[in-house]
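Structure assessment
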Amino acid sequence: MDINMKILIVDDFATMRKILRNILKQIGFNNISEADGGKSALKILKKENFDLILSDWNMPEMSGLELLNRIRSDNELKNMPFVMVTAEAQKDNILEAVKAGVNSYIVKPFTAETVIEKIDKVFGS
Amino acid sequence: MDVKLINPFINATLNVLETMAFIKPEAGKPYLKKDKVAQGDVSGVMGFTGETNGTMSITFDELCILKIVSNMFGEEMKEINNEIADAVGELTNIISGQARKELEEIGKVFHGAIPSVVTGKSHKLESMTKGPKIAIPFKTDFGSFTIEVCLESKS
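None of these values were measured; they are calculated from a predicted model. (Residues numbered from 1 in each chain as written. Chains lettered and ligands numbered in written order. Predicted model: local features only at pLDDT ≥ 70, side-chain atom pairs only at ≥ 80, totals over all residues. Heavy atoms only, no water.)

1. Re the overall build of chain A
Test applied: Under the scheme used here, helices are H or I runs from DSSP no shorter than 4 residues and strands are E runs no shorter than 2 residues, and both carry numbers assigned from the N terminus. The globule rule used for comparison is 2.2 Å times the number of residues to the exponent 0.38, while the radius of gyration itself is calculated over C-alpha atoms. Residue contacts are counted whenever heavy atoms from the two residues lie within 4.5 Å of one another. Accessible areas in this description were obtained via Shrake-Rupley with a 1.4 Å probe; residue shielding takes into account the shown protein chains only. The charged-residue count follows a simple rule in which Lys and Arg add positive charge and Asp and Glu add negative charge, with His and chain termini not counted at all. Lys charges are placed at NZ, Arg charges at CZ, Asp charges at CG and Glu charges at CD.
Looking only at helices and strands, chain A features five helices and five strands. Listing every helix and strand of chain A by position from the N terminus yields β-α-β-α-β-α-β-α-β-α. Against the globule reference of 14 Å for 125 residues, chain A gives a C-alpha radius of gyration of 13 Å, in line with a compact fold. When its C-alpha atoms are laid out on the principal axes, chain A stretches across 35 × 30 × 30 Å. Long-range contacts, defined as pairs at least 24 residues apart, comprise 62% of the intrachain contacts of chain A with a sequence gap of at least 6. With an accessible surface of roughly 5,900 Å², chain A has 45% of that area assigned to carbon and sulfur atoms. For chain A, the centre of its 17 positive side-chain charges and the centre of its 18 negative side-chain charges are spaced 2 Å apart.

2. As for the environment of I95 of chain B
All names here are of chain B. Filter applied, for reference: Burial status follows relative accessibility: with a 1.4 Å probe on protein chains alone, a residue under 20% of its type maximum counts as buried, one over 50% as exposed, and anything between as partly exposed.
Relative to the helices and strands, I95 resides in helix α3 (residues 82-105). By relative accessible area, I95 is classed as buried at 0%. C-alpha separation for the pair I95 and I10, spaced 85 residues apart in sequence, amounts to 9.1 Å. Ignoring anything within four residues of it in the chain, the contact list for I95 reads F9, A12, T13, V16, M56 and I58.

3. Description of the pattern of salt bridges
Rules: When a carboxyl oxygen of Asp or Glu lies within 4 Å of a side-chain nitrogen of Lys or Arg, that pair is called a salt bridge.
Using the criterion set out here, one finds 17 salt bridges over all chains in the structure. We note a salt bridge from D41 of chain B to K121 of chain B, for which the minimum N-O separation is 3.5 Å. Remark: K121 of chain B occurs in strand β6 (residues 116-126) and D41 of chain B occurs in strand β3 (residues 37-50); sequence separation between them is 80 residues. Where salt bridges share partners, they join D11, D56 and K108 of chain A together with E90 of chain B into one cluster.

4. Focus on a nonpolar patch on the surface
Residues and elements named next belong to chain A. Formally: Here, patches come from residues exposed beyond 30% relative accessible area and free of salt bridges, joined within 9 Å for like charges and within 5 Å for nonpolar side chains (Val, Leu, Ile, Met, Phe, Trp, Tyr).
On the surface, a nonpolar cluster with roughly 210 Å² of combined accessible area is contributed by M1, I116 and F123. Residue position: I116 is located in helix α5 (residues 112-122). For I116, a relative accessible area of 30% puts it in the partly exposed group.

Shown next, in the form of C-alpha cells:
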C-alpha cells in the first residue's frame, strides 16, 4: 500500500468525510480530497488523477452506485479502485455493488482497523 | 407492533454508538407512545418503505449529542451547530441501515430514504405516519436520547 496515493472521499455528510479523513491521516495518507456527491466527484475526477475512491452509496442527485457505473463505463476511469463505504448492508445491495464492479465494501459503522484491512486487500498487500 | 421489529433498532443504536463514539448507552424499556410529540434539542428523522411504510426518529438532549460527536471527531464540540446537525443525520442513516440489515435477517425488507434533521432547543417533532409508535429511551453518562419507531400496519 503506497502511503502517497491520492484518495477521493465521496459522501454527502461532512461528518463521514471528516471521520474517514481522520482515519486515513492516522494511517499516514496525506493526499486526500473530498466530494459531497457523485456529480461533484465526477467533476473532480475529470481534472485530477486518483488512486482510490471511497464512496458512500445513499446520496441525493447521484448515488454511489451510479457513480460507480459511470466510472466503470468511462475509458479513462474504468480501472479506478472503488470502495463503497455505506450504511446499506442488505444482501441485495452488496450483490448489486459487486455486479457493478466494486473492489471492496465497508459497512458503516466501521473501525479504523476495518478501513486499513479493506484498503490493504484492494491493493493486495 | 411486533417486538421483533423493535429489537433491531435497539441493537443498531448500541452498536453504532459504541463503534463510532465509544459510548455504551443503557437502553430503557420500550413503551407505546400515545402523543405525537418528541421533545429534545436535535433530532434525526428517516422514512422507510418496503415491508410497510414507517419512520424512525432519534432525539438527543444537547449535552448528550455534544459528547457523542466530540468522541466521533476526537475534538470537543461546544454547541449545536451545522456539524452536529450533519452528524445526527449520518447517525440516523447508519442506525437505520444496521436495523434494516437485522430486519432483513428475519425476512422483513425495508428501504431507507435520505434522513432529515431538526434542531432547536426543546423542539417538538410530530410524526405523520399512521400506526403505533414505540419509544425507546436511552441513558448515557452525559444525558439521554430517545428512539421512536412508527410502522404502519399492513393492510
